[in-house]
Amino acid sequence: METLLQQVVSGLASGGIYASMALALVMIYQATDVVNFAQGEMAMFSTYLAWSCLHAGLPYWVTFVATVGIAFVGGLLIERVLIRPVEQAPILAIVIVCIGLLAILNSLAGWIYSYVIKPFPSPFPQQPVHLGGVVLAPHNLGAIGVTLVLLALLYIFFRYTTLGLTMRAAAQNPVSSRLVGIRVGWMLALGWGLAALVGAVAGMMVAPVVFLEPNMMSGILIYAFAAATLGGFTSPGGAVLGGFLVGIIENLVGTYVPFIGPGLKLTVALVLIIVVLLVKPSGLLGSATVRRV
Amino acid sequence: MTALLEIEHLDAYYGWIQSLHSVSLAVETGGITLILGANGAGKTTTLRAISGMIKTSGVIRFAGQRIDGKATEDIVRLGIAHAPEGRGTFVHLTVEDNLRLGAYAQKRKAQLTTDYDRVYEYFPVLAERRTQLAGTLSGGEQQMLAIARALMLRPRLLLLDEPSLGLAPTLVRWLFQMVRTINQEEGVSVLLVEQNAALALRLADQAYLLETGRVVMAGASEVFQQDETIRRSYLGY
């Protein structure tokens, strides 16, 4: 029982990371119909920038805020400079730009910071918390907390502010948005900025667990794909739910299915993607889109 | 009366196909101007050209100022509201959010609540549906929402693209009367595109007939109603 609870809590902690990354993917997908394959590398690069700030002696939370800000501006610039010129091109062209960005950011990080793994600090205490016989790592609890706060802030932003409403409108119906005077291009750029911001938070929360290295996000991005697929690529809420579910499933399967263990955990994500696509392609909360051709 | 909108020698292309051939027309200030024509005659293209949604050559002047070549978002800010073909409502957003977006380019945000009340007065059913998603509205209600959203801009010129499309005849009659009321009470000039010639001619002051991208007839709508060819081809009696 205690193992179960422990696995669920650590599943929730990694699930929060997957949820954030899945949400970042879904935000860009909804606005532009593009799956941003570079999402993980953008998060990784932001985390390296955070490492540089910490290395330069900045306090953790100052670094946190600075990194989030830099990531936002970086995401915005990537959209303006790299995505904008191919905006009207077929989706495949944009996907290829994203994959190119992935390769560039990955090599750039390796070139600047080397491929040697680096420890990344957690802002939360080291001392384990005992809760009714269950031992919990404070970092896990903290990461869950940070993720939930971030998700709540995003929800409030999109649900209750005019800018959030405008961004949703631009994603749903660009033509009508222009007709009410919304500068759709800038809204898409803002979407990229926000997605990069969310990714940066996820990167900083996961780095203390997986350590900092240029490929740290590649596995996590696959879990995020599984999460977004499970929850539905058309539903931000679904992506978040999918993230937490994938985290829990991954941990439970890794613990209780003997032949899988920690080594084959990533396979769980891939199996999950295939099963969802076969059984319910629109995901748990997503809506099937019908297009006239 | 002077012209609020003037179009001179407008050409437009879809790919290799020329869809407008030297179209010239004017919308009188305070009036209702009608563009008649069959499917594919270039009616919607003309409205899209005014809103800067397609590339054109020729001159489009609004209140004396050149607007051809300007971005759609900037044209909206000059006070041209466009209720597009197929209504173009934000189906995943509530009625009230749709209206709020309609006022997005409007500078006087303080008047937002009175603006809601104003459009709800024209279309009371929208007030009942204000928290409903636009996609759940009936076709007629969506058309009302499209017009209401356009009014939230407090426009000087209202572009209406086939508001009667897919609506029951009694509803069309009611809607056209409402367009006349709005035109008079708001002092907004209207450029209406329609296939329903009989009703639309009764509503409009001036009319233009488009055929394969060319203006083939222009004049007061009474003249249109009495014209033999128009009667036979477009009015059907």
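Residues numbered from 1 in each chain as written. Chains lettered and ligands numbered in written order. Predicted model: local features only at pLDDT ≥ 70, side-chain atom pairs only at ≥ 80, totals over all residues. Heavy atoms only, no water.

**Student:** Break down the overall build of chain A for me, citing the residues and quoting the values.
**Tutor:** Summing up its helical and strand segments, chain A has eleven helices and two strands in all. The order of α-helices and β-strands along chain A, N terminus first, is α-α-α-α-β-β-α-α-α-α-α-α-α. In terms of principal-axis extent, the alpha carbons of chain A reach across some 60 × 50 × 35 Å. Within chain A, the proportion of its 293 residues that are buried is 53%. (Helix = DSSP H or I, 4+ residues; strand = E, 2+ residues; numbered from the N terminus. Buried < 20%, exposed > 50% of the residue type's maximum accessible area, 1.4 Å probe, protein only.)

**Student:** Give me the lowdown on the overall build of chain B, citing residues and values where you can.
**Tutor:** A count of helical and extended segments in chain B gives ten helices and ten strands. Here the C-alpha atoms of chain B give a radius of gyration of 17 Å, agreeing with the 18 Å that 2.2 N^0.38 yields for 237 residues. Expressed as lengths along the three principal axes of its C-alpha atoms, the size of chain B is roughly 45 × 40 × 35 Å. When the accessible surface of chain B is totalled, it reaches about 10,200 Å², and 50% of it is carbon and sulfur. (Rg over C-alpha atoms; globule rule 2.2 N^0.38 Å. Areas by Shrake-Rupley, 256 points an atom, 1.4 Å probe, with all protein chains shown as cover.)

**Student:** Requested: an account of the sheet that holds strand β1 (residues 3-14) of chain B, with residues and values cited.
**Tutor:** Residue and element names in this part refer to chain B. Taken together, the four strands give an open sheet; going across it, the order is β2-β1-β4-β5, and neighbouring strands pair in antiparallel fashion. Because the sheet does not close on itself, it has two edges, and the strands there are β2 (17-28) and β5 (65-66). As judged from the six bridges shared by β1 and strand β4 (residues 56-62), these two strands associate in the antiparallel manner. Looking at β4, one finds that E8 is bridged to V59. Along the sheet, helix α1 (residues 43-50) contacts β1, β2 and β4; its crossing angle with β1, the most-contacted strand, is approximately 115 degrees. (Pairing = 2+ DSSP bridges. Contact = heavy atoms within 4.5 Å. Axes fitted to C-alpha atoms, helices over the stretch in contact; angles between N-to-C directions.)

**Student:** Please set out the interface of chain A and chain B residue by residue, giving values where relevant.
**Tutor:** Chain A puts 20 residues into the contact, and the matching count from chain B is 22 residues. Regarding the contact of chain A and chain B, the summed buried area is about 1,800 Å², with carbon and sulfur atoms giving 62% of it. For chain A, the biggest contributors to the area lost against chain B are L165, L179 and V180 of chain A; these three give 37% of the whole. Taken together, chain A and chain B are joined by one salt bridge. (Buried area = accessible area lost by both parts, 1.4 Å probe. Salt bridge = Lys/Arg side-chain N within 4 Å of Asp/Glu carboxyl O.)

**Student:** Give me the confidence of the model for chain B: which residues, what numbers.
**Tutor:** Counting all residues, the mean pLDDT for chain B is 91, and 99% of those residues have values of 70 or more. As scored by the predictor, the complex reaches a pTM of 0.87 and an ipTM of 0.91. (pLDDT = per-residue confidence, 0-100.)

**Student:** So what's going on with the packing of helix α2 (residues 39-55) of chain A against helix α4 (residues 91-113) of chain A? Residues and values would help.
**Tutor:** Residue and element names in this part refer to chain A. The N-to-C vectors of α2 and α4 enclose an angle of 25 degrees; their axes lie 9 Å apart at closest approach. Relative to α4, the element α2 lies roughly parallel. The two elements α2 and α4 meet at a crossing, and its hand is left-handed. Along its contact with α2, which presents E41, M42, M44, F45, Y48, L49, W51 and S52, the element α4 presents L101, L102, L105, N106, L108, A109, I112 and Y113. Looking at the contact of α2 with α4, its residues break down into 13 nonpolar, two polar and one charged. (Parallel < 35°, antiparallel > 145°, perpendicular 65-115°, else oblique. Left-handed = near helix turned anticlockwise from the far one by under 90°. Nonpolar A, V, L, I, M, F, W, Y, C, P; charged D, E, K, R; others polar.)

**Student:** Just give me the short version of the pattern of salt bridges, but keep the residues and values in it.
**Tutor:** Residue and element names in this part refer to chain B. On inspection of all chains with the given rule, the structure shows 13 salt bridges over all chains. Of the charged contacts, one joins E6 and R61 as a salt bridge, the two residues approaching to 3.8 Å between their closest N and O atoms. Taken together, the positions of E6 in strand β1 and R61 in strand β4 put the pair 55 residues apart, joining distant regions of the chain. For E6, a relative accessible area of 29% translates into the label partly exposed. The class of R61 is partly exposed, set by a relative accessible area of 23%. One salt bridge connects R100 with D97, and the closest N-O pair in it is separated by 3.4 Å. With R100 and D97 both in helix α3 (residues 95-102) and three residues apart, the pair spans about one turn of that helix. Its relative accessible area of 24% is what places R100 among the partly exposed residues. Classification of D97 as buried rests on a relative accessible area of 11%. Overlapping salt bridges, with partners in common, bring together D115, R118, R154 and E186 in one network.

**Student:** Before we move on, could you go through the nonpolar core and cite the residues and values that matter?
**Tutor:** Counting 92 residues, the largest nonpolar core has F120 and M205 of chain A as its most contacted members. A total of 18 residues in this core trace back to one element, the largest contributor, which is helix α8 (residues 184-210) of chain A. The residues contacting F120 of chain A, other than those within four sequence positions of it, are T47, A50, W51, L54, Y60, M204, A207, P208 and L212 of chain A. Judged by nonpolar contacts, the second largest core, of 52 residues, contains A81, L126, A148 and M217 of chain B. (Core = buried A, V, L, I, M, F, W, Y, C linked by side-chain atoms within 4.5 Å.)

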